[in-house]
Amino acid sequence: QVQLVESGGGLVQAGGSLRLSCAASGSIFSINDMGWYRQAPGKQRELVAVITTGGNTRYADSVSGRFTISRDNAKNTVYLQMNSLKPEDTAAYYCNAEVRRTWFSSNTVYWGQGTQVTVSS
């Protein structure tokens, strides 16, 4: 199996910063895209940022210029550096990864359990 474990969430004042980490472990041959999503109470889960194996990135308009996604392929880990945080960034943040478990298998998307980010005004 494959597990994704997030860390780094917490409570921060508006204007502050947090860095989230998500480490993938288990039966992994390779990882394609890795990403961060978030879900606020009463709202649908939304894309925050995605990064390809080669380092190409894509961001939601609401976080572009404030958040930075990066990854360490040797550690199967993806990061989300969040700066200039706003109260509207408050949500549970989830990472995901497209994992290929063996040479001959197709990609499967796995999700972490989520980490809470709360930004106070």
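Rules and cut-offs
- Residues numbered from 1 in each chain as written.
- Predicted model: local features only at pLDDT ≥ 70, side-chain atom pairs only at ≥ 80, totals over all residues.
- Heavy atoms only, no water.
- Patch = residues over 30% accessible without salt bridge, like charges linked within 9 Å, V, L, I, M, F, W, Y side chains within 5 Å.
- Areas by Shrake-Rupley, 256 points an atom, 1.4 Å probe, with all protein chains shown as cover.
- Salt bridge = Lys/Arg side-chain N within 4 Å of Asp/Glu carboxyl O.
- Helix = DSSP H or I, 4+ residues; strand = E, 2+ residues; numbered from the N terminus.
- Buried < 20%, exposed > 50% of the residue type's maximum accessible area, 1.4 Å probe, protein only.
- Contact = heavy atoms within 4.5 Å.
- Polar contact = N/O pair within 3.5 Å; in protein donor to acceptor, adjacent residues only side chain to side chain.
- Pairing = 2+ DSSP bridges.
- Axes fitted to C-alpha atoms, helices over the stretch in contact; angles between N-to-C directions.

Q: I'd love a proper account of a nonpolar patch on the surface, names of residues and values included.
A: On the surface, a cluster of nonpolar side chains totalling about 450 Å² of accessible area is made up of Phe 29, Trp 103 and Phe 104. With respect to the helices and strands, the residue Phe 104 is situated in the loop between strand S9 (91-100) and strand S10 (107-111). Note on Phe 104: relative accessible area 70%, which makes it exposed.

Q: Could you give an account of the environment of Thr 90, with specific residues and numbers?
A: With respect to the secondary-structure elements, Thr 90 resides in the loop between strand S8 (77-82) and S9. On the accessibility criterion, Thr 90 (21% relative accessible area) is partly exposed. For the pair formed by Thr 90 and Leu 11, sequence separation is 79 residues and the distance between their alpha carbons is 9.2 Å. With residues near it in sequence (within four places) discarded, Thr 90 still touches Ala 40, Gln 116, Val 117, Thr 118 and Val 119. At 2.9 Å, the side chain of Thr 90 forms a polar contact with the backbone nitrogen of Val 119.

Q: Residue-level account of the sheet that holds strand S7 (residues 67-72), with values.
A: Read across the open sheet, the 4 strands follow the order S1-S3-S8-S7; overall the sheet is antiparallel. Both edges of this open sheet fall to strand S1 (2-7) and S7, since each of them pairs with a single strand only. Averaged over all pairs of adjacent strands, the angle between their axes in this sheet comes to 15°, without regard to strand direction. In this structure, strand S3 (residues 18-26) lies alongside S8, joined through 6 bridges in antiparallel fashion. Paired with Leu 18 across the strands is Met 82, a residue of S8.

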